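# Remarks on the overall topology
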Amino acid sequence: MTEERSLNFIEEIVEEDIREGKNGGRVLTRFPPEPNGYLHIGHAKSICLNFGLAKEYGGKTNLRFDDTNPVKEDVEYVDSIKEDVRWLGFEWANELYASDYFDQLYEFAVKLIKKGLAYVDDSSPEEIAAQKGTPTEPGKGNEYRNRSVEENLRLFAEMKDGKYPDGAKVLRAKIDLASPNMHLRDPLMYRIKHANHHRTGDKWCIYPMYDFAHGESDAIEQITHSVCTLEFIPHRPLYDWFIEQLEIFPSKQYEFARLNLNYTVMSKRKLLQLVNDGYVDGWDDPRMPTISGLRRRGYTPASIRDFCERIGVAKRENMIEMALLESCIREDLNKTAWRRMAVLDPIKLIVTDYPEDKTETFHGENNPEVEGGDGSREFPFSRELWIEREDFMEEPPKKFFRLAVGNMVRLKSAYIVKCEGFAKDTAGNITEVHCTHIPESQSGNDTSGLTVKGTIHWVSVRHAKTAEVRLYDRLFQVEDPSSEDGDFKDYINPDSLHIIPNAYIEPDLVNAVPGKGYQFIRKGYFTLDKNSTAEKLVFNRTVTLKDGWVKK
RNA sequence: UGUCCGAUAGUAUAAGGGUAGUACAAGUGAUUUUGGUUCAUUUAGUCUUGGUUCGAAUCCAGGUCGGACAACCA
């Protein structure tokens, strides 16, 4: 009865810690975004991991904003991050900010100065970089390194009191300039920034570096498992050094490989460029891999959580195929989306033997995957219908199951029709398809005994409503834009957005509600765009249906 | 030419000294009033060379390949 599920390496660590009674069996994780951009699907992986761990092992998760750089951060981002985490379905135990700890962090720094483990350096950024050496050559010190504790205490206090301009001085940890680990070569702890902070206002003009704030914040909150991405592995010895010297709670850091998705980019810097340079409509453009973009595109929280579950957690670098994400949303929507009919690229079908003034009302299940169909809706049928241009072929290949002269096809939830002919305009474009119908073949009442291979969707011309439909394709033409030569923006897919200004939709679709997924039968899953209005409906295509039909 | 991390089907991820499994993708067939769904089925993998062992994806050693690390960013 026990479902045997394999654990990822972090779950194994947590389980072992619990077994050994570490931290009294307590599990406290945190999700620590910097409020300088919108969350993306890569963050979703981290969110699902951190919150998932806590949920799984009876613990809690803090939401902590790493807001140590006031010039890049903004409340707009704080708000969007909170919205996205909640939308994904997670609730944090505490909403915290690294800036909550600025006083304590300042005391920590003073303590290190007093221990002779930190000093004020007047060097310029260039000088410090030069003195650090390179990964293969050791760095060397400077005269400031030998300042007395008293002088350091005085200077650091003066830094705090605003006596010096930006960049004049920094506080550095005194560790080892010859360490093979660059992060241990006297890393910066504090820098001077006369900047207004979104939380602390003008209280401070010195701000701690991430490396002197993150581990300490974890310790203050008594985070048991501090989970982050691979690039922080070399920082870990530094965090451990601070914890040891400061004698504070020993949070343990564990690193996993960040998510990479093909045909997109996943760095906040690059996403910001796409937004600022106008390549997309904003952070929530449906082509963006941001949480808000996916939401606007029609992805559901459940599908994203499922995706994060399926990609797993490990330490090797990875590049996940977009097909997996699409598989997750299709699986979810297949079970929940209401079926509707819409014609995106119309051509007129005339049922020549159907009276011009007659209208019949047919109905279709909302969702055949649900027991009972999840209810149904009605739609009118008449002599002239819109069908997809691609559902008729003048010269069909062998296994073409749709309309061609002499072929029969089922009009979904209505009649079987037989194609008798078609009409062309002077340019040779097909303008009409002519059919006759089999009256005994009415859906639900079919006594015709006929079986047909194809079923196509349709909308009554006289009753059709219109809507703008936006079709999205991958944002980039190559799997990994960042690894290509030149600028990643050179590889943007020029056809990533195709707008159909006037698609014909069945009447019931005017009742579509925001946030719900609809399957346009045979065409894909769609959802209302945030800019849709009653006067002008706008649908975004979330994802196409899988298409097993390949022309030979 | 330093330190650290990693390497299992196309893509991910399990197997923790004892049958290399799962998902997605791809192929085939069946069902189907969506060429969807569902079901069945096939293809396809342990970076390399040695060693330990009755037995190695797993442990050890060397190599190869990939990645990370030098910002008053996080």
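To continue, consider the pattern of salt bridges. Taken as a whole and judged by the stated rule, the model has 42 salt bridges. A salt bridge links arginine 310 to glutamate 331; the nearest nitrogen and oxygen atoms lie 2.9 Å apart. With arginine 310 in helix 11 (residues 301-311) and glutamate 331 in helix 12 (residues 322-336), the pair connects residues that are 21 residues apart, well separated along the chain. Residue classification places arginine 310 among the partly exposed residues on the basis of a relative accessible area of 37%. Here glutamate 384 and lysine 348 are joined by a salt bridge, their closest N and O atoms 3.3 Å apart.

Take the sheet that holds strand 15 (residues 384-388) next. Strand pairing in a sheet is mediated by backbone hydrogen bonds. Such pairs are either parallel or antiparallel. Ordered in space as 19-16-17-18-12-15-20, the seven strands form an open sheet in which the pairing is mixed. Sheet topology places strand 19 (455-456) and strand 20 (459-460) at the edges, where each strand pairs with a single neighbour. Two elements, strand 17 (residues 416-424) and strand 18 (residues 430-438), share eight bridges in a ladder whose sense is antiparallel. Among the inter-strand pairings, cysteine 419 is bridged to a residue of strand 18, identified as cysteine 435.

So, on to helix 1 (residues 9-19). Looking at helix 1, one finds that the buried residues are Ile10, Glu11, Val14 and Asp17. An end-on view of helix 1 places all buried positions within 125° of arc, on one side of the element. Put simply, asparagine 8 is the residue that caps the front of helix 1, since its side-chain oxygen is 2.9 Å from the backbone nitrogen of isoleucine 10. Directly after helix 1, the chain includes glycine 21, whose backbone phi takes a positive value near 75°.

Burial of nonpolar side chains together is a common tendency in soluble globular proteins. Phe156, Met189 and Tyr190 are the most contacted members of the largest nonpolar core, which totals 37 residues. Elements with a minimum of two residues in this core: helix 4 (102-114), strand 4 (118-121), helix 6 (149-160), strand 5 (170-173), strand 6 (188-192), strand 7 (206-208) and helix 8 (236-246). With eight residues, helix 4 is the largest single contributor of residues to this core. Once residues lying within four places of it in the same chain are set aside, the contact partners of methionine 189 are Ala109, Leu112, Ala118, Leu171, Arg172, Ala173, Tyr207, Pro208, Met209, Phe212 and Phe242.

Turning next to the sheet that holds strand 22 (residues 497-505). Strand order in the open sheet made by the seven strands is 10-23-24-25-21-22-11, with mixed pairing throughout. Strands at the two margins of the open sheet, each flanked by one partner only, are strand 10 (338-340) and strand 11 (342-343). Bridge count for strand 21 (residues 465-472) against strand 25 (residues 538-543) is three bridges, and the pairing is parallel. Across the sheet, arginine 470 pairs through a bridge with asparagine 540, a residue of strand 25. Across the face of the sheet, helix 12 comes into contact with strand 10, strand 24 (524-528) and strand 25 while running at roughly 120° to strand 25.

Split into domains, chain A comes out as domain 1 (9-256), domain 2 (268-338 + 467-543) and domain 3 (345-457). Taking only C-alpha atoms, the centre of domain 1 and the centre of domain 3 are 64 Å apart.

Among the 66 residues in the neighbourhood of RNA strand B, the closest are listed as Glu12, Arg339, Glu369, Ser443 and Gln519. Backbone atoms, meaning sugar and phosphate, make up 61% of the atoms of RNA strand B lying within 4 Å of the protein. A distance of 3.2 Å separates a phosphate oxygen of RNA strand B from a polar side-chain atom of lysine 193. Here a base nitrogen of RNA strand B and a side-chain polar atom of glutamine 519 are 2.5 Å apart. Counting residues per element, the ones that place at least two in the surface near RNA strand B are strand 6, helix 11 and helix 12. Tallying contributions element by element places helix 12 first for the surface near RNA strand B, with four residues.

Let us look at empty space enclosed by the protein. Applying the stated rule across the entire model yields two cavities of 30 Å³ or more. The calculated volume of the largest cavity comes to roughly 80 Å³. Together, His214, Gly215, Asp218, Ser226, Tyr239, Asp240, Ile243, Ser251, Lys252 and Gln253 line the largest cavity. Looking at the lining of the largest cavity, the elements that each hand over two or more residues are helix 7 (214-221), helix 8 and strand 9 (252-256). Per-class residue counts for the lining of the largest cavity are two nonpolar, five polar and three charged. Taken as a whole, the second largest cavity spans an internal volume of roughly 40 Å³. For the second largest cavity, the full set of lining residues is Met341, Phe379, Pro380, Trp458, Val459, Ser460, His463, Glu506 and Pro507. Of all the secondary-structure elements, those providing two or more residues to the lining of the second largest cavity are strand 14 (376-381) and strand 20. Residue classes in the lining of the second largest cavity are distributed as six nonpolar, two polar and one charged.

Okay, the packing of helix 1 against helix 2 (residues 41-56) next. For the pair helix 1 and helix 2, the least separation of the axes is 11 Å and the interaxial angle reads 35°. Between helix 1 and helix 2 lies a crossing of right-handed hand. Residues Ile10, Glu11 and Val14 of helix 1 touch helix 2, and the partners they reach there are Leu49, Leu53 and Glu56. Its residues assigned to classes, the contact of helix 1 with helix 2 shows four nonpolar, no polar and two charged.

Right, let's talk about the state of the cysteines for a bit. Overall, the coordinates contain zero disulfides when judged by the stated rule. Left unpaired, cysteine 308 is separated from the closest cysteine sulfur, that of cysteine 48, by 3.8 Å. Counting only cysteine sulfurs, cysteine 419 is the nearest neighbor of cysteine 435, a cysteine outside any disulfide, at a range of 4.6 Å. On the basis of relative accessibility, which here comes to 0%, the residue cysteine 435 falls in the buried class.

A few words on helix 6. The end-to-end C-alpha distance of helix 6, which contains twelve residues, comes to 16 Å, matching closely the 16 Å that a straight helix rising 1.5 Å per residue would cover. Within the span of helix 6, buried status applies to Asn152, Leu155, Phe156, Glu158 and Met159. Buried residues in helix 6, looked at end-on, bunch into an arc of 160°, giving them a common side. Where helix 6 is buried, its residues meet helix 4, strand 4, strand 5, strand 6 and strand 7. Within two residues after helix 6, glycine 162 carries a phi angle of roughly 85°, on the positive side.

Cut-offs used in this document
- Residues numbered from 1 in each chain as written.
- Chains lettered and ligands numbered in written order.
- Predicted model: local features only at pLDDT ≥ 70, side-chain atom pairs only at ≥ 80, totals over all residues.
- Heavy atoms only, no water.
- Salt bridge = Lys/Arg side-chain N within 4 Å of Asp/Glu carboxyl O.
- Helix = DSSP H or I, 4+ residues; strand = E, 2+ residues; numbered from the N terminus.
- Buried < 20%, exposed > 50% of the residue type's maximum accessible area, 1.4 Å probe, protein only.
- Pairing = 2+ DSSP bridges.
- Arc of directions from axis to C-beta.
- Polar contact = N/O pair within 3.5 Å; in protein donor to acceptor, adjacent residues only side chain to side chain.
- Core = buried A, V, L, I, M, F, W, Y, C linked by side-chain atoms within 4.5 Å.
- Contact = heavy atoms within 4.5 Å.
- Axes fitted to C-alpha atoms, helices over the stretch in contact; angles between N-to-C directions.
- Domains from an automatic or database assignment.
- Near = heavy atom within 4 Å.
- 1 Å grid on protein atoms, 1.4 Å probe; cavity = no way out; pocket = protein on both sides within 12 Å on 5 of 7 lines; lining within 4 Å.
- Points joined across faces, edges and corners; volume = space filled by probe spheres on them.
- Nonpolar A, V, L, I, M, F, W, Y, C, P; charged D, E, K, R; others polar.
- Left-handed = near helix turned anticlockwise from the far one by under 90°.
- Disulfide = S-S within 2.5 Å.
- Expected span 1.5 Å × (residues − 1).

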